[in-house]
Number of protein chains: 2
Amino acid sequence: MAKEHETLYERLNDRLATISDVRSANSLLFWDRQTHMPKGGIASRAEQMATLSRLAHEMLVDGETGRLLDASGDLDPCSEEGALVRRARREYERATKLPAELVAQITRATALAEPAWARARGESDWSVFAPHLEEILPLKKRAAEALGYEDHPYDALLDGYEPGAKKAWLEAMFGELKAGILPLLREVTEKGNDENRTAPLYGAFDEAKQERFGVEVVTRFGYDWERGRQDRTVHPFCISFGPGDVRITTRFDPGWLAPALFGTFHEAGHALYQQGVNPAYARTPLDGGASMGVHESQSRLWENLVGRSRAFWSYFYPRLRDTFPEALRGVDLETFYHAINVLAPSKIRVEADEATYNLHILLRFELEVALFEDELFVADLPAAWNAKMKEYVGVTPKNDAEGVLQDIHWADGLFGYFPTYTIGNVLSVQFFDEAVKAHPEIPAQIQQGEFAVLLGWLRENIHRHGSRYDPDQLVQKATGRPLDTAPYLSYLRNKFGELYELD
Amino acid sequence: MAKEHETLYERLNDRLATISDVRSANSLLFWDRQTHMPKGGIASRAEQMATLSRLAHEMLVDGETGRLLDASGDLDPCSEEGALVRRARREYERATKLPAELVAQITRATALAEPAWARARGESDWSVFAPHLEEILPLKKRAAEALGYEDHPYDALLDGYEPGAKKAWLEAMFGELKAGILPLLREVTEKGNDENRTAPLYGAFDEAKQERFGVEVVTRFGYDWERGRQDRTVHPFCISFGPGDVRITTRFDPGWLAPALFGTFHEAGHALYQQGVNPAYARTPLDGGASMGVHESQSRLWENLVGRSRAFWSYFYPRLRDTFPEALRGVDLETFYHAINVLAPSKIRVEADEATYNLHILLRFELEVALFEDELFVADLPAAWNAKMKEYVGVTPKNDAEGVLQDIHWADGLFGYFPTYTIGNVLSVQFFDEAVKAHPEIPAQIQQGEFAVLLGWLRENIHRHGSRYDPDQLVQKATGRPLDTAPYLSYLRNKFGELYELD
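Residues numbered from 1 in each chain as written. Chains lettered and ligands numbered in written order. Predicted model: local features only at pLDDT ≥ 70, side-chain atom pairs only at ≥ 80, totals over all residues.

Engineer: How should I be thinking about the overall build of chain A in this particular structure?
Structural biologist: Counting its secondary structure elements, chain A contains 20 helices and three strands. Its C-alpha radius of gyration of 23 Å places chain A within 12% of the 23 Å reference for a compact globule of 503 residues. Sequence-distant contacts in chain A: of pairs separated by 6 or more residues, those separated by 24 or more amount to 71%. (Helix = DSSP H or I, 4+ residues; strand = E, 2+ residues; numbered from the N terminus. Rg over C-alpha atoms; globule rule 2.2 N^0.38 Å. Contact = placed C-beta atoms within 7 Å.)

Spelled out as structure tokens, the structure:
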């Protein structure tokens, strides 16, 4: 039903807007399932979500999308319109290159693998999950071949999360990180940690008060409650239905302060990004982040650079103590600051500190590449995992549940996804340093509980662009150079050097 | 993408299931907008809902739907499959008979009329709304012609809400009701009402306590919280996403007990119907009610036949008094029972009592028919309204805001909808009487706060059938005769005769 006088580019936009609407509706089906849906809705909800996914996919891969993309191919690649077409084309091509039969096989295999993984982890029994991974891995290799690549099949999968990223480039990045983090970890381990260091974070922390405190903080960050809301879920997430409606969820533990505290800062960081996207990008492929890594840079920036800094807590700790006078009795600012900044080897990625976290990612990246290069086989994965844990982090999982089975990602077929976490960590410091270089008053403002200048810099240089630029372009534009591990390593060195009184 | 070995009937079912999923997703977009959506989501949400409506409509009117319906046309009309095809065909035909251009005009006209109506009512200025109705009315007449009818154009619109209903049949029904209710109203008016009769319902009623009380009641009714939930909205409603997820919403007034109390019973009545639909009907056109009128019969049954009965309150009033000892101090059961059962002329439909409510509907029905027969013109509507209010109810609105402008229905183009409210009232008693005839212990059980036998009868005779039967079939099957006003009139006569000590 083409309207009169409508250009082909406008028709492309209408089509993409329809796809975006269907996906937003599907996102709401997901959000509702995680937050409010009664148990009885499970079966119907699965059908509804499958149907909306299918409809969005069918509209995307329809030949008409391709024709309209071709007809809009001569737009200035540096314009917003050109960027929109480039993003849409990338998605169209990734979707159309994958044979429907392969997509169906992957969907089926991962749907079966998820519960098997949960059972395998519960029983710490690799043999329950291994056959599923044996099935998924070749399918993902076939997907990589179908998608195509220049240098390495792994690049084809990486590109789905981090446009333009390559295995060789990641190897260089991880090499630099390894060279910086391993000695840091060694030095800290030699000094040793007081076992009671994290004790202040455990105790009786009323959930409603935790919530109020988190709300106060992220409101000061600049999270706009007229364009968002917060709900409770087992696994926290941020979800956007357009720049006008970006929601976060939080998990509260009445006996442990850390999950809700840093989880809220983290999800608010994602949300600030989405709330800051140019509103004109609503219902277009530009209403998103530049990449998973850039998105993670924003959540990590607010969680760690801001939310685990001494400046931040010099303002907020008195408020936190007023909120929990009993639980935090006798805990002074420095003690609290040390408690939230322990550097120590750990077996579980999601519990790792800022520095060793990247070793957990490095390990997964190396194992994924080895699997893709047939240097490693599924049967040997647990042993390889444990060896690398010993080598990099210095610990050995006591079983596969706290080892190779700890993450769901491989059950979901998400090969190439893990590295974006570390890209996010590295970029968080590169961006933060650049903001401080432009506005040296930022640290002093954080100490006053003020974040407007920092948020303003992020809005101007990152958020408003949405998905307009690929990550390498955006990083270059915002910081004048490509991704650089030096600021990150120097941040870690300075922070933990001071905390652990290293030389 | 037809699957191998799939029959045409199965393909029809797949197609209808897809449409059902898209509509359920759209329902969730609506539910979320009314309950939880932040303000900033308004614009995007409107787009999302318009897109999903359009997609569902396009799939419905697609020629493939017609072909699959034709191919399934030889199924036994008495079987579930035959009923499913009949329902689907009716909807398909109603949708395909309306030219797309007419649908678009009606959508546009009603979208503009809604805010105009709100402003007109706010300013009590008919001239603000009249031009919109002047535009909508001819469009609805064109729709009636396009849909087709045997006897009267109004029937074509009625049929969309109450399959099989006709103007002539409604005239007979309203004639009987008028003959019964007008004398009743006259007799009660002669006796007169104590002005303080409703006073017990006003006072300080904590909202959380109102909510707890309502939850206790509808849980006892049999509302299944594992397949539903309750939220707060300005306008209460019930919404189903399939038999496993049927939600209600409630409005609480901390100074007035009635809205949340009877609103919760009412919406729970709708919800019990939907929760009781055969689960095998999920994602089919049979997952609904037989008609709007039959649906309303279920909400009215629980709201009025149960929820305003002496038997019910003889069990629940002590609990209500325990909940609100201050506000209900000195109010005994009889006083409370009288307060919730005042029969008195009123100007506003939604505030009317059980009996005169139908006069408000009668008035609208007669005006709608006159408009359709060109016996009445939009310009003369306010005067005609006031004249009929005086004649039937005995009151004269002091302005159009509390007169002809009180309801949004005409701004939405909902001609033919009002009569279903009265059909619901009439059927509620016909069904209830039949249930009591089959199970004479029901009244005594209600007095014990037990509803299982009543709900069981409704489940067996009404709920489980969903939309399988047309209303006339269902009423015949459940009660052994067609819709009958006699039980309803005798219910009103007995109840209010006793309350007002009439002869």
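Engineer: Can you walk me through the confidence of the model for chain A in this structure?
Structural biologist: Should the pLDDT be low somewhere, the predicted coordinates at that spot are not to be read in detail. Put simply, chain A has an average pLDDT of 96, and 99% of its residues get 70 or more. Overall fold confidence (pTM) sits at 0.94, and the ipTM for the predicted complex is 0.93. (pLDDT = per-residue confidence, 0-100.)

Engineer: I keep staring at the interface of chain A and chain B and nothing clicks. Help me out?
Structural biologist: By a widespread convention, an interface's size corresponds to the accessible area lost as its parts come together. Each side of the interface is counted separately: chain A has 32 residues, and chain B has 32 residues. The set of elements that each furnish at least two residues to the side of chain A that touches chain B consists of α1 (8-35) and α2 (42-61) of chain A. Considering only residue class, the side of chain A that touches chain B consists of twelve nonpolar, eleven polar and nine charged. (Nonpolar A, V, L, I, M, F, W, Y, C, P; charged D, E, K, R; others polar.)

Engineer: Looking at this model, I keep getting lost on the sheet that holds strand β2 (residues 238-240) of chain B. Mind explaining?
Structural biologist: Strands belonging to one sheet form pairs held by backbone hydrogen bonds; the direction of such a pair is parallel or antiparallel. All names here are of chain B. Strands sit in the order β1-β3-β2 across an open sheet of three strands; the sheet is mixed. Edge strands, defined here as strands with exactly one partner in the open sheet, are β1 (230-232) and β2. Strand-to-strand twist of the sheet, defined as the mean angle between neighbouring strand axes without regard to direction, takes the value 25°. Sheet topology note: the β1/strand β3 (residues 246-250) ladder contains three bridges and is parallel. By the bridge assignment, Q230 is partnered in β3 with I248. Seen against the sheet, helix α10 (residues 258-275) touches β2 and β3 and runs at an angle of roughly 170° to β3. (Pairing = 2+ DSSP bridges. Axes fitted to C-alpha atoms, helices over the stretch in contact; angles between N-to-C directions.)

Engineer: Help me understand the domain arrangement of chain A, please; the structure alone is not making it clear to me.
Structural biologist: Residues and elements named next belong to chain A. When cut into domains, chain A gives domain 1 (8-158) and domain 2 (201-342 + 441-467). For domain 1 and domain 2, the distance between their C-alpha centroids amounts to 29 Å. Taken together, the elements giving at least two residues each to the side of domain 1 that touches domain 2 come down to α1 and α4 (80-97). By residue number, the principal contributor to the side of domain 1 that touches domain 2 is α1, which donates eleven residues. Here the residues of the side of domain 1 that touches domain 2 are counted per class, giving seven nonpolar, six polar and three charged. (Domains from an automatic or database assignment.)

Engineer: Just checking my understanding: could you explain the relation of the copies chain A and chain B for this structure?
Structural biologist: One chain copy maps onto the other through a rotation about an axis and a shift parallel to that axis. Each copy superposes on the other: chain A lies on chain B with an RMSD of 0.0 Å after a rotation of 180° and an axial shift of 0.0 Å. Interpreted geometrically, this transformation is the action of a two-fold axis. Relative to the rotation axis, the C-alpha of A25(A) is the closest in chain A, positioned 3.2 Å from it. When you check the interface residues of chain A against chain B, 100% turn up at the interface there too, and the contact is symmetric in its surfaces. (Least-squares fit on C-alpha atoms with pLDDT ≥ 70 in both.)

Engineer: What exactly am I supposed to notice about the sheet that holds strand β3 (residues 246-250) of chain A here?
Structural biologist: All names here are of chain A. Taken in spatial order, the three strands make up an open sheet running β1-β3-β2, and their pairing is mixed. In this open sheet, the two strands that pair with only one neighbour each are β1 (230-232) and β2 (238-240). Here the average twist between neighbouring strands, direction ignored, is 25°. In terms of strand pairing, β2 meets β3 through three bridges, oriented antiparallel. In the sheet register, C238 faces β3, and the bridge partner there is I248. Against the sheet, α1 touches β1, β2 and β3, its axis set at about 25° to β3.

Engineer: Would you mind going over the nonpolar core with me for this structure?
Structural biologist: Here is a general trend for soluble globular proteins: nonpolar side chains tend to be buried in one another's company. Membership of the largest hydrophobic core comes to 248 residues, with the highest contact counts inside it found for A268(A) and A268(B). Looking at which domains feed residues into this core, each of domain 1 (8-158) and domain 2 (201-342 + 441-467) of chain A gives three or more. Ignoring anything within four residues of it in the chain, the contact list for A268(B) reads V218(B), F221(B), Y223(B), I248(B) and W302(B). (Core = buried A, V, L, I, M, F, W, Y, C linked by C-beta atoms within 7 Å. Buried ≥ 20, exposed ≤ 12 C-beta atoms within 10 Å, placed from the backbone.)

Engineer: When you look at the pairing of β3(B) in this model, what are you seeing that I'm missing?
Structural biologist: Strand residues, when the strand is regular, have side chains that alternate between the two faces of the sheet. The element β3(B) is largely enclosed, with a buried count of five among its five residues. Here β3(B) shows no split at all, with V246(B), I248(B) and T250(B) on one side and R247(B) and T249(B) on the other all buried.

Engineer: Would you explain helix α15 (residues 381-393) of chain A in this entry?
Structural biologist: Along an α-helix, residues three or four apart share an orientation, since each turn contains 3.6 residues. Residues and elements named next belong to chain A. Across its 13 residues, α15 extends 17 Å between first and last C-alpha, which sits within 8% of the 18 Å expected from 1.5 Å per residue. Contact partners of the buried residues in α15: α14 (357-372). Immediately downstream of α15, the backbone of G394 shows phi near 90°, a positive value. (Expected span 1.5 Å × (residues − 1).)

Engineer: Would you take a moment to explain the packing of helix α5 (residues 100-123) of chain B against helix α6 (residues 126-147) of chain B for this structure?
Structural biologist: Angle between the axes and distance between the axes are the two parameters that describe a pair of packed helices. Residue and element names in this part refer to chain B. At a minimum axis distance of 8 Å, the contact between α5 and α6 shows a crossing angle of 150°. Relative to α6, the element α5 lies roughly antiparallel. For the crossing formed where α5 meets α6, the hand is left-handed. Here L102, Q105, I106, A109, T110, L112, A113, A116, W117, R119, A120 and E123 of α5 come into contact with α6, specifically with W126, V128, F129, H132, E135, I136, L139, R142, A143 and A146. In terms of residue class, the contact of α5 with α6 is built from 15 nonpolar, three polar and four charged. (Parallel < 35°, antiparallel > 145°, perpendicular 65-115°, else oblique. Left-handed = near helix turned anticlockwise from the far one by under 90°.)

Engineer: Just checking my understanding: could you explain the environment of D155(A) for this structure?
Structural biologist: All names here are of chain A. Counting through the fold element by element, D155 comes out in helix α7 (residues 153-158). The exposure class assigned to D155 is buried, which follows from the 23 C-beta atoms found within 10 Å. C-alpha of D155 to C-alpha of A352: the two residues are 197 residues apart in sequence and 27 Å apart in space. If sequence neighbours within four positions are ignored, D155 has contacts with Y149, K166 and K167.

Engineer: I'm lost on the packing of α10(B) against helix α11 (residues 292-306) of chain B in this one. Help?
Structural biologist: Residues and elements named next belong to chain B. Interaxial distance between α10 and α11 falls to 7 Å at its minimum, and their mutual angle equals 135°. It follows that α10 is oblique to α11 by the angle criterion. For α10 against α11, the interelement crossing comes out right-handed. Touching F262, F265, H266, E267, A268, G269, H270, L272 and Y273 of α10 are H295, Q298, S299, R300, L301, W302 and E303, all from α11. Counted by class, the contact of α10 with α11 contains seven nonpolar, six polar and three charged residues.

Engineer: Mind showing me how you'd approach the environment of L16(A) here?
Structural biologist: Residue and element names in this part refer to chain A. As for its placement among the helices and strands, L16 is situated in helix α1. Given 25 C-beta atoms within a 10 Å radius, L16 is considered buried. Spatially, the C-alpha atom of L16 lies 21 Å from that of E162, the residues being 146 residues apart in sequence. Filtering out sequence-adjacent residues up to four positions away, L16 remains in contact with A88, T284 and P285.

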